[in-house]
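Here are the chains, one letter per residue:
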Amino acid sequence: MCEIEVTMGSGKIIFMGRTGSGKTTLCQKLDALELKYKKTQSVEFYKNAIDTPGEYMENRNYYHALIMTAVDAKLIAILGDPTVRDNYIPPAFAGTFAKEIIGIVTKITLADSQEDIKRVEMELRQAGARKIFLVDTVEEIGIEELFHYIHEQIDD
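What you see is a predicted model; the values in this text were computed from it and never measured.

Before going further, it helps to examine the overall build of the protein. Each helix and strand in the protein was counted, giving five helices and six strands. Going from N to C terminus, the protein has its helices and strands arranged as β-α-β-β-α-α-β-β-α-β-α. When each of the 156 residues of the protein is scored for burial, the buried share is 50%. Element-wise, carbon and sulfur atoms account for 52% of the exposed surface of the protein, whose accessible area totals about 8400 Å². Seen as two clouds, the 18 positive and the 25 negative side-chain charges of the protein have centres 4 Å apart.

Let us now look at the confidence of the model for the protein. Averaged over the protein, the pLDDT score is 91; the fraction of residues at 70 or greater is 94%. Every residue in residues 1-9 scores below 50 in pLDDT, and together they form six contacts with partners more than four places removed in sequence or on other chains.

Let's shift gears to helix 5 (residues 143-154). In a regular helix each residue adds 1.5 Å, so 12 residues correspond to 16 Å; helix 5 covers 16 Å between its end C-alpha atoms and thus fits that length. Of the surrounding elements, those touching the buried residues of helix 5 are strand 1 (13-16), helix 1 (23-30), strand 4 (75-80), strand 5 (101-105) and strand 6 (131-134).

To continue, consider unusual backbone geometry. The phi dihedral of Ala92 falls on the positive side, at around 65°, and the residue is not glycine. Here Ala92 shows up in the loop between strand 4 and strand 5. A positive phi angle, near 65°, is found at Glu140, a position not held by glycine. For Glu140, the location among the structural elements is in the loop between strand 6 and helix 5. Glu140 gets classed as partly exposed once you look at its relative accessible area, which sits at 46%.

Attention shifts here to the packing of helix 1 against helix 5. In the contact formed by helix 1 and helix 5, the axes pass within 12 Å of each other and the chain directions differ by 75°. Taken as axis vectors, helix 1 and helix 5 run roughly perpendicular relative to one another. Two secondary-structure elements touch here, helix 1 through Leu26, Lys29 and Leu30 and helix 5 through Ile143, Leu146, Phe147, Ile150 and His151. Of the residues contributing to the contact of helix 1 with helix 5, the split by class is six nonpolar, one polar and one charged.

Reading the values: the criteria
- Residues numbered from 1 in each chain as written.
- Predicted model: local features only at pLDDT ≥ 70, side-chain atom pairs only at ≥ 80, totals over all residues.
- Heavy atoms only, no water.
- Helix = DSSP H or I, 4+ residues; strand = E, 2+ residues; numbered from the N terminus.
- Buried < 20%, exposed > 50% of the residue type's maximum accessible area, 1.4 Å probe, protein only.
- Areas by Shrake-Rupley, 256 points an atom, 1.4 Å probe, with all protein chains shown as cover.
- Lys, Arg positive; Asp, Glu negative; His and termini not counted.
- Charge placed at Lys NZ, Arg CZ, Asp CG, Glu CD.
- pLDDT = per-residue confidence, 0-100.
- Contact = heavy atoms within 4.5 Å.
- Expected span 1.5 Å × (residues − 1).
- Axes fitted to C-alpha atoms, helices over the stretch in contact; angles between N-to-C directions.
- Parallel < 35°, antiparallel > 145°, perpendicular 65-115°, else oblique.
- Nonpolar A, V, L, I, M, F, W, Y, C, P; charged D, E, K, R; others polar.

Dropping the structure here:
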């Protein structure tokens, strides 16, 4: 018989955001895994993180799945991508959860302008994120600060 270790509950961050916003990449990077792009089809549990499909944020009919999955997290991160206009980040979204929400603006080196980055920051603040991180995983910009903060919050 095979034993499987399941680590749920405290000690995880859940990443939410549109398809292609960088959730899986951040999960892989946080756990020091090789970065491999793959389309997340269902909720995936990593050692330190929970990865959610972008469709869960893009379609309000799936919000209940985000709410239920967030129960297993200590910290919630909403990602916004400045290279697209439709991030599907509802205003006051953080009010749905009784946990700290952080905002992460991804792909900052790919943004067409600083205005696009500021627009996404504003969307994340309107959603209820109190702390915002600007990152680029490929260029390693802002990653150390983000991961330091995440570990301060999720490590027991």
